[in-house]
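Notes for the structure review
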Amino acid sequence: MSKKTSTKNNKSRLPLYLSMALVAGLIISYLVFPEVASFFDNAWNVLTSDDKAQIKEWVSGFGWMGPLVLVLAMIAQMFLLIVPSVLLMVVAILAYGPIWGSVIVFVAVFAASSVGYVIGDYFGDSIVKKIIGGKSEKKVEDFLDDYGFWAVIVTRLNPFLSNDAISFVGGLLQMGYWKFIGATLVGIAPLTLFIAYFGKSTDGLKTGLLWGSLASLLAFGIYVWWDKKIRNKGGSPNNSE
């Protein structure tokens, strides 16, 4: 993979224009309509409360639109670094059960990952650095350059790694979109199952996430060790792009 250095003239600008129009519309609505401002202020207070019961009650209040709110919240949390994505995953499963909640999680992660990818792909290095920081971008970029598909999987699998950064950098490095999305969904599946199984118990959830994260890091550490050993012996680097 190589970083994009110039904008492709033949690339459709429609997603870019639609994104800009959406953001502009939200900003104008917030400034002009008190009801919209009140809604966003309340949403901010709830989503940053770190209170699962309060968030669940807030989401349930939207009725059939609750899943859409969760999807939009998952997209928004990429820019609100103090709202962990795993919290929204837990709330989705608490509010809608292990089956439908898991479906909502997959849709929300798919949507948020796609938005992050498009931002990295269209807006490039300068915007990504402003969102996630230069140091984070460099670390994730090196990680993704070295391990490609597997880097995305292990990042999605572990809730303590930079899930949002991998989306921005995946687009920035122009990793194949469907390969990126495939790795995202494969990686998020075990984490979702963990949450669906342990989610009704806070202690059980913490234990499950901790052991699942440690297991994924251990497995990937062994893989990295093996890969470097092969490289030191003169074998081909295992870059999955």
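Residues numbered from 1 in each chain as written. Predicted model: local features only at pLDDT ≥ 70, side-chain atom pairs only at ≥ 80, totals over all residues. Heavy atoms only, no water.

1. As for the confidence of the model for the chain
Per-chain confidence: the chain averages 75 in pLDDT, with 71% of residues scoring 70 or above. Segment residues 2-10: pLDDT under 50, and 14 contacts once partners within four positions in sequence are set aside and those in other chains are kept. (pLDDT = per-residue confidence, 0-100. Contact = heavy atoms within 4.5 Å.)

2. As for the UniProt feature "transmembrane region" (unreviewed entry) in the chain
Mapped onto this numbering, the UniProt entry annotates "transmembrane region" (unreviewed entry) at residues 14-33, 68-96, 177-197 and 209-226. Taken end to end, residues 177-197 comprises 100% helix and 0% strand; its first and last C-alpha atoms sit 30 Å apart. (UniProt positions renumbered as here; feature names shortened; annotations may be inferred. Helix = DSSP H or I, 4+ residues; strand = E, 2+ residues; numbered from the N terminus.)

3. Considering the pattern of salt bridges
One pass over the structure, following the stated rule, counts two salt bridges. Put simply, Lys129 and Asp125 hold a salt bridge, and the shortest N to O gap is 3.3 Å. One end of the pair, Lys129, and the other, Asp125, are both in helix H6 (residues 125-132), four residues apart, so they sit about a helical turn from each other. A residue is classified by how much of its surface remains accessible, and Asp125, at 23% relative accessible area, is partly exposed. Here Asp142 and Lys138 are joined by a salt bridge, their closest N and O atoms 2.8 Å apart. Of this pair, Asp142 and Lys138 both sit in helix H7 (residues 134-157), four residues apart, roughly one helical turn. Judged by relative accessible area, Asp142 falls into the partly exposed class, the value being 32%. By relative accessible area, which is 46% here, Lys138 ends up partly exposed. (Salt bridge = Lys/Arg side-chain N within 4 Å of Asp/Glu carboxyl O. Buried < 20%, exposed > 50% of the residue type's maximum accessible area, 1.4 Å probe, protein only.)

4. Observations regarding the packing of helix H5 (residues 85-123) against H6
Running from N to C, H5 and H6 point in directions that differ by 135°, and their axes come no closer than 7 Å. Judged by the angle between their axes, H5 and H6 are oblique. Of H6, the residues touching H5 (which contributes Ile119, Gly120 and Phe123) are Asp125, Ser126, Ile127, Val128 and Ile131. For the contact of H5 with H6, the residue count by class is five nonpolar, two polar and one charged. (Axes fitted to C-alpha atoms, helices over the stretch in contact; angles between N-to-C directions. Parallel < 35°, antiparallel > 145°, perpendicular 65-115°, else oblique. Nonpolar A, V, L, I, M, F, W, Y, C, P; charged D, E, K, R; others polar.)

5. Some thoughts on the nonpolar core
Grouped together as the largest cluster of nonpolar side chains are 50 residues, with contacts concentrated most on Met74, Met89, Leu144, Val152 and Ile195. When residues of this core are traced back to their parent elements, those giving at least two are helix H2 (34-47), helix H3 (52-60), helix H4 (66-76), H5, H6, H7, helix H8 (163-172) and helix H9 (177-198). Element by element, the count of residues in this core is highest for H5, at 16 residues. Not counting the four nearest positions on each side in its chain, Met89 is found in contact with Met74, Val105, Ile188, Leu191, Thr192 and Ile195. (Core = buried A, V, L, I, M, F, W, Y, C linked by side-chain atoms within 4.5 Å.)

6. A short note on a nonpolar patch on the surface
A cluster of nonpolar side chains, contributed by Ile27, Ile28, Tyr30, Leu31, Val32, Phe33, Phe39 and Phe40, occupies part of the molecular surface with about 780 Å² of accessible area. Sort the elements by how many residues they give to the nonpolar patch and helix H1 (residues 14-32) lands first, with five residues. Take Leu31: it is sitting in helix H1. (Patch = residues over 30% accessible without salt bridge, like charges linked within 9 Å, V, L, I, M, F, W, Y side chains within 5 Å. Areas by Shrake-Rupley, 256 points an atom, 1.4 Å probe, with all protein chains shown as cover.)

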